[in-house]
Amino acid sequence: MPAPMVHPVLKNGVGAFIPQCRRLVFHYCERSGSSRGMIEYLKKDLIQFAKEHPHVEVIVTPRPSKHPVIRGLYLNGKDKVVCVRNMEPTDIAGKVALLKESAGNRMKVFKKPVISTTESVRGIWSPFHAAPHKI
């Protein structure tokens, strides 16, 4: 009788890393003063960013009479929107890096200090729980 197949639990980062950010959409207004930093970032830094990260689709669209925003779309179907009103290009580069590196999930509150796929009935082991060794 053959042994049953063992199926590994696959998680992102085990084996091959799959970047979660699929698309970044840049919205800006051509006449608004709050979009000045965004326009400067688009002219100087965005082309270099797109060359360094070919797995991220970059879309730039004007949005008249609105504040500039960056929308990140992720593989899990969720998105994050960051307003970059009155920000300098260096600050916008930080927000772009934040959106690129995140996974699109909401922040979770961890109620237990240990996160595991299988719960332990006995709790966490400690050397003080075991009987002392006799030599």
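Up top is the structure.
Residues numbered from 1 in each chain as written. Predicted model: local features only at pLDDT ≥ 70, side-chain atom pairs only at ≥ 80, totals over all residues. Heavy atoms only, no water.

Caption draft 1: Quick look at the pairing of strand β1 (residues 21–28). Within β1, six of the eight residues are buried, which leaves it mostly tucked inside the rest of the structure. Examined bridge by bridge, β1 and strand β3 (residues 69–74) share six bridges and lie antiparallel to one another. Within β3, the position partnered with leucine 24 by the bridge is glycine 72. Where β1 lies against strand β2 (residues 57–62), six bridges are found, and the strand directions are parallel. By the bridge assignment for β2, arginine 23 is matched with glutamate 57. (Buried < 20%, exposed > 50% of the residue type's maximum accessible area, 1.4 Å probe, protein only. Helix = DSSP H or I, 4+ residues; strand = E, 2+ residues; numbered from the N terminus. Pairing = 2+ DSSP bridges.)

Caption draft 2: Main features of the sheet that holds strand β4 (residues 79–83). Sheet architecture is open: four strands sit in the order β2-β1-β3-β4, paired in mixed fashion. Edge positions in the sheet fall to β2 and β4, since each of these pairs with one other strand and no more. Averaged over all pairs of adjacent strands, the angle between strand axes in this sheet comes to 15°, irrespective of strand direction. Where β3 and β4 come together, five bridges link them in antiparallel fashion. When the sheet's bridge partners are listed, isoleucine 70 is paired in β4 with valine 82. In the packing of helix α1 (residues 36–44) onto the sheet, contacts are made with β1, β2 and β3, and the angle to β1 comes to roughly 125°. (Axes fitted to C-alpha atoms, helices over the stretch in contact; angles between N-to-C directions. Contact = heavy atoms within 4.5 Å.)

Caption draft 3: Structural detail: the nonpolar core. Core analysis: the largest hydrophobic core is formed by 19 residues, its most contacted members being Leu24, Phe26, Met38, Tyr41, Ile70, Ile92 and Val96. Elements with a minimum of two residues in this core: β1, α1, α2 (46–52), β3 and α3 (89–101). In contact with phenylalanine 26, not counting residues within four places along its chain, are Met38, Tyr41, Leu42, Leu46, Val58, Ile59, Val60, Thr61, Val69, Ile70 and Val96. (Core = buried A, V, L, I, M, F, W, Y, C linked by side-chain atoms within 4.5 Å.)

Caption draft 4: Focus on the side chain of serine 102. Inspection of the secondary structure assignment puts serine 102 in the segment after α3. A distance of 3.3 Å separates a polar atom in the side chain of serine 102 from the backbone oxygen of leucine 99. Apart from the residues within four sequence positions on either side, serine 102 is in contact with Gln20, Tyr74 and Lys80. (Polar contact = N/O pair within 3.5 Å; in protein donor to acceptor, adjacent residues only side chain to side chain.)

Caption draft 5: Layout of unusual backbone geometry. Phi at serine 65 takes a positive value of approximately 60°, unusual for a residue other than glycine. Looking at the secondary structure, you find serine 65 in the loop between β2 and β3. In this structure, asparagine 86 takes a positive phi of about 60° despite not being glycine. Mapping asparagine 86 onto the fold places it in the loop between β4 and α3.

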